[in-house]
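These are the residues of each chain, in order.
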Amino acid sequence: MKALVLNCTLKASPETSSTEALARVVMQELADGGAETDLVRLVDLNIKPGVKTDEGEGDDWPAVHDKILAADILIFATPTWMGQMSSVCQRTLERMDALFEETDDTGRPVAFGKVAGVVITGNEDGAHHIVATVCQGLIDMGFTIPGQSWTYWHLGPGPGPDYVETDQGHDYSDRVGRNAARNLLALAKVLRPDTYPVPES
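Here's what I pulled together on the structure shown here.

## Comments concerning the environment of Gly160
- With respect to the helices and strands, Gly160 occurs in the loop between β6 (150–153) and α5 (170–191).
- Overall, Gly160 belongs to the partly exposed group, its relative accessible area being 37%.
- Remark: the alpha-carbon pair of Gly160 and Asn123, spanning 37 residues in sequence, is separated by 5.9 Å.

## What about the environment of Ser173?
- Along the chain, Ser173 turns up in helix α5.
- With 115 residues separating them in the primary sequence, Ser173 and Gly58 have C-alpha atoms 37 Å apart.
- Setting aside residues up to four positions removed in sequence, Ser173 forms contacts with Leu22, Thr151, Tyr152 and Trp153.
- A distance of 2.6 Å separates the side chain of Ser173 from the backbone oxygen of Tyr152, its partner in a polar contact.

## A few points about a nonpolar patch on the surface
- On the surface, Leu10, Trp81 and Met82 cluster together into a nonpolar patch covering about 390 Å² of accessible area.
- In this fold, Trp81 is placed in strand β3 (residues 73–81).

## A closer look at the pairing of β6
- When strand β5 (residues 115–121) meets β6, the two strands line up parallel, connected through 4 bridges. Bridging across to β6, Thr121 finds its partner in Trp153.
- Since β5 and β6 lie parallel, the crossover through helix α4 (residues 127–141) that links them has a hand, and here it is right-handed.

## Brief notes about the packing of aromatic side chains
- Counted by the stated rule, this structure contains 3 aromatic pairs.
- On the basis of an interplanar angle of 25° and a centroid distance of 5.8 Å, the ring pair of Trp150 and Tyr152 is categorised as stacked.
- On the basis of relative accessibility, which here comes to 21%, the residue Trp150 falls in the partly exposed class.
- Of the aromatic side chains, those joined through ring pairs into one cluster are Trp150, Tyr152 and Tyr172.

## Quick look at unusual backbone geometry
- Look at the link from Ser13 to Pro14: it is a cis peptide, with omega at 5°.
- Examined against the element boundaries, Pro14 turns out to sit in the loop between β1 (2–7) and α1 (18–32).
- A positive phi angle, near 55°, is found at Met82, a position not held by glycine.
- Summarising the element assignment, Met82 is placed in the loop between β3 and β4 (84–85).

## Regarding the nonpolar core
- Residues Leu74, Phe76, Met96, Leu138 and Phe143 are the most contacted members of the largest nonpolar core, which totals 32 residues.
- Mapped onto this core, the elements with two or more residues apiece are β1, α2 (61–70), β3, α3 (87–95), β5 and α4.
- Top contributing element to this core by residue count: α4, with 7 residues.
- Filtering out sequence-adjacent residues up to four positions away, Phe76 remains in contact with Leu6, Cys8, Cys89, Thr92, Leu93, Met96, Gly117, Val118, Val119, Val134 and Leu138.
- One finds Leu22, Val26, Ile75 and Ala181 within the second-largest nonpolar core, a separate group that totals 23 residues.

## Concerning α5
- Its 22 residues give α5 an end-to-end C-alpha distance of 31 Å, which sits within 8% of 32 Å, the value for a rise of 1.5 Å per residue.
- Taken together, the buried positions of α5 are His170, Ser173, Asp174, Val176, Gly177, Ala180, Ala181, Leu184, Leu185, Ala188 and Leu191.
- Taken together, the buried residues of α5 touch α1, β3, β5 and β6.

## Describing the pattern of salt bridges
- Going through the model one piece at a time under the given rule, you end up with 7 salt bridges.
- Across the salt bridge formed by Glu20 and Arg24, the nearest N and O atoms sit 3.0 Å from each other. Of this pair, Glu20 and Arg24 both sit in helix α1, 4 residues apart, which is roughly one turn of that helix.
- On the accessibility criterion, Glu20 (15% relative accessible area) is buried.

Each value, and the rule that gives it
- Residues numbered from 1 in each chain as written.
- Predicted model: local features only at pLDDT ≥ 70, side-chain atom pairs only at ≥ 80, totals over all residues.
- Heavy atoms only, no water.
- Helix = DSSP H or I, 4+ residues; strand = E, 2+ residues; numbered from the N terminus.
- Buried < 20%, exposed > 50% of the residue type's maximum accessible area, 1.4 Å probe, protein only.
- Contact = heavy atoms within 4.5 Å.
- Polar contact = N/O pair within 3.5 Å; in protein donor to acceptor, adjacent residues only side chain to side chain.
- Patch = residues over 30% accessible without salt bridge, like charges linked within 9 Å, V, L, I, M, F, W, Y side chains within 5 Å.
- Areas by Shrake-Rupley, 256 points an atom, 1.4 Å probe, with all protein chains shown as cover.
- Salt bridge = Lys/Arg side-chain N within 4 Å of Asp/Glu carboxyl O.
- Pairing = 2+ DSSP bridges.
- Right-handed = clockwise from strand over helix to strand, strands pointing away.
- Phe/Tyr/Trp six-rings, centres within 6.5 Å; stacked < 30°, edge-to-face > 60°.
- Core = buried A, V, L, I, M, F, W, Y, C linked by side-chain atoms within 4.5 Å.
- Expected span 1.5 Å × (residues − 1).

See the structure below:
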């Protein structure tokens, strides 16, 4: 079982990412449940704009695309800016548009049998809107979204500390994140290709 987290922070490495900190709570629960976890900080890569799997010379997206195909569980982790997902998150969804045209050896869309969830941080609201927007795109591609497969952290409207700068609100966000990991694992195990027959064409 493989789980991939796409960290859509706007902060390049090695700057501390609150989004990654909360995502790693989810990753730890996934690892405790037997999953092999990986995290990609997309802002460190050259992810060109576009809707194809490969947008030409210098494009780092094809390697990320391969990681997505190899994963059973995909998690989008994004900060909140102006009540919206980050621009990196939006670009990632746009690049995944190419999945609509890809099928596996049996002719099924490549996202079938994969589950997905969302992790969100920010010092303003907008989390439920982001969950809805990201999950709708993933559902369209063929991913399955378990119930309560998300977690978020914020301290309400206006400026304030980041997730890594305060313990306030962690109990809820971390607990919900661990539950999200358990739900993702449970459904991913059910949907693995070797657990159900593929109809003959």
